[in-house]
Amino acid sequence: MSSVASRWATPRPIPLLTAMECYDCDTEARTDTSAIGVCDRCGLLTCQDHSFVVPAGVLVANGLGRTLSPLPARRVVRRTCRAAETAR
Ligand SMILES: [Zn+2]
Ligand SMILES: [Zn+2]
């Protein structure tokens, strides 16, 4: 076996995953929460307290075009991003 092949064949330990922390909790030095998802707008991790889960329209195929699905999907958005989305 060549050295390249043996290097590829060497099993590596899978790193232990640690709990993912909410960005806003991290800035507030809170450690009692864990992330529930990724903000659909900014991509930061967010927790239940710092986010909203809101309905999201989905376009589906309809003939040669597309139409809005009768059922909403959902998306998670951090409070900061939701405030920006709904500001007038
Ligand atoms: Zn949080
Ligand atoms: Zn965001």
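Above this text sits the structure in question.
Model, not experiment: these values are computed from the prediction.

Asker: Looking at this structure, I do not really get the overall build of the protein. What am I missing?
Answerer: Along the protein, the regular secondary structure elements total 3 helices and 6 strands. Counting the 88 residues in the protein, one finds 14% classified as buried. Contacts in the protein between residues far apart in sequence, at least 24 positions, make up 40% of those at least 6 positions apart.

Asker: Help me out: how do you make sense of the environment of C81 in this one?
Answerer: In this fold, C81 is placed in helix α3 (residues 79-86). Distance in space between the C-alpha atoms of C81 and F52 is 9.7 Å, their sequence separation being 29 residues. Once you skip the residues sitting within four places of it in the chain, C81 turns out to touch C39, R41 and C42.

Asker: Sorry, what's going on with the environment of G43 here?
Answerer: Considering the arrangement of structural elements, one finds G43 in the loop between β1 (37-38) and β2 (45-46). Each C-alpha atom of the pair G43 and V77 lies 9.0 Å from the other, and the pair is 34 residues apart in sequence.

Asker: So what exactly am I meant to see when it comes to unusual backbone geometry here?
Answerer: For A29, which is not glycine, the phi torsion reads 60° and is therefore positive. Inspection of the secondary structure assignment puts A29 in the loop between α2 (23-27) and β1. With 6 C-beta atoms counted inside 10 Å, the residue A29 sits in the exposed group.

Asker: Is there a simple way to think about the environment of L44 in this case?
Answerer: Along the polypeptide, L44 turns up in the loop between β1 and β2. When the C-alpha positions of L44 and D24 are compared, they lie 9.0 Å apart, and in sequence the two are 20 residues distant. For L44, the residues in contact, after removing those within four places along its chain, are Y23, C39 and R78.

Cut-off values and rules
- Residues numbered from 1 in each chain as written.
- Chains lettered and ligands numbered in written order.
- Predicted model: local features only at pLDDT ≥ 70, side-chain atom pairs only at ≥ 80, totals over all residues.
- Helix = DSSP H or I, 4+ residues; strand = E, 2+ residues; numbered from the N terminus.
- Buried ≥ 20, exposed ≤ 12 C-beta atoms within 10 Å, placed from the backbone.
- Contact = placed C-beta atoms within 7 Å.

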